[in-house]
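Observations on the model geometry
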Amino acid sequence: TSYSIQYGLIDTSYDEVQQGVDSLFTVINTSMSTYVTTSDISKINKGDTSIAVDSHFKTVFAKATSVWKTTDGFFDPTVGAWANAYGFGPEKPLNTLTDENKAYLSKITGWNTIALTELGFVKKQYSETYLDFNALAKGYTVDLISGFLDDNNIKNYLVEIGGELRAKGSNLSKRDNWIIG
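Keep in mind it's a predicted model, so treat the numbers as computed, not measured.

**Points about the packing of aromatic side chains**
- In total, this model carries six aromatic pairs according to the counting rule given.
- Ring geometry for Phe-61 against Trp-111: centres 4.7 Å apart, planes inclined by 40 degrees, an arrangement best described as tilted. Residue Phe-61 is found in helix 3 (residues 55-70), and its partner Trp-111 is found in the loop between helix 5 (99-108) and strand 2 (114-116); the two are separated by 50 residues along the sequence. Considered together, Phe-61 and Trp-111 belong to a single accessibility category, that of buried residues.
- Pairing Phe-61 with Phe-133 gives two aromatic rings, centres 6.4 Å apart and planes at 90 degrees, and the pair type is edge-to-face. One end of the pair, Phe-61, is in helix 3; the other, Phe-133, is in the loop between strand 3 (122-124) and helix 6 (134-151), with 72 residues separating them in the sequence.
- When its relative accessible area of 6% is taken as the criterion, Phe-61 is described as buried.
- Chaining the aromatic ring pairs together yields one cluster made of Phe-57, Phe-61, Trp-111 and Phe-133.

Laid out in C-alpha cells, this is it:
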C-alpha cells in the first residue's frame, strides 16, 4: 500500500527520519504482512507452529480479540481465507465458489478457534485458518510512526498509510490546519 508522511522543519535530518520510518515498516511487514511470504503471519498461515511472535503481533492480536468481542464476532481476522477466495487477498482467488468450498471456509473461520499462548505461539484449531490483520495493522503502524515522530520532537506532522491517518499540529508550509481530502 502507499504511504505519505509530511512534517515541518525539524532538528533531525531527513535521512534519520526516513531510516527510522523504514525500520518500523520493516519490523511490521516482517511480523504481520500477508503480502510478504516470509513474514511471521504468512508462515503461521502456512501452518508453521514454531513461530514465536513479536510484541507488535501480540498487541494487534489483543486488539483483534477485543474488537471481536465488542462486535459479537462481526469483526474477525480469520476471514482471510474468504478474502482470498474472492480475490481480495494475496492468494489466488477461487475460480468458482461452490457450496462445498463455502462449507470448508466456514469451518476454518472463527476467532474463537485461535489463541495466543503466553510464550507468543499462535495455536489454531484448524491449521488452514488464515489470519489477516490488515484491518488493524495499518492504523497500528500509523500510531507507531506517529510515536516515533513524537519521540524525535516533531511537533507538526501528517501520517497516512493506506487511508489511515493521524495528524498533529499544523501544516507549516501552508500556515494552516492539516486538510484531509
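Let's pick the thread back up.
**A word on the sheet that holds strand 1 (residues 3-7)**
- Pairing is antiparallel in the open sheet, where three strands are placed in the order 1-4-5. Where the open sheet ends on each side, the last strands, each with one partner, are strand 1 and strand 5 (164-168). The sheet shows a mean angle of 5 degrees between the axes of neighbouring strands, taken without regard to direction.
- Along the sheet face, helix 1 (residues 14-32) touches strand 1 and strand 4 (157-161) and points at about 145 degrees away from the line of strand 1.
- Most of the contacts of helix 6 go to strand 4, to which it runs at about 155 degrees, and overall it touches strand 1, strand 4 and strand 5.

Reading guide: rules and limits
- Residues numbered from 1 in each chain as written.
- Predicted model: local features only at pLDDT ≥ 70, side-chain atom pairs only at ≥ 80, totals over all residues.
- Heavy atoms only, no water.
- Phe/Tyr/Trp six-rings, centres within 6.5 Å; stacked < 30°, edge-to-face > 60°.
- Helix = DSSP H or I, 4+ residues; strand = E, 2+ residues; numbered from the N terminus.
- Buried < 20%, exposed > 50% of the residue type's maximum accessible area, 1.4 Å probe, protein only.
- Pairing = 2+ DSSP bridges.
- Axes fitted to C-alpha atoms, helices over the stretch in contact; angles between N-to-C directions.
- Contact = heavy atoms within 4.5 Å.

Nothing here speaks to function; it is all geometry.
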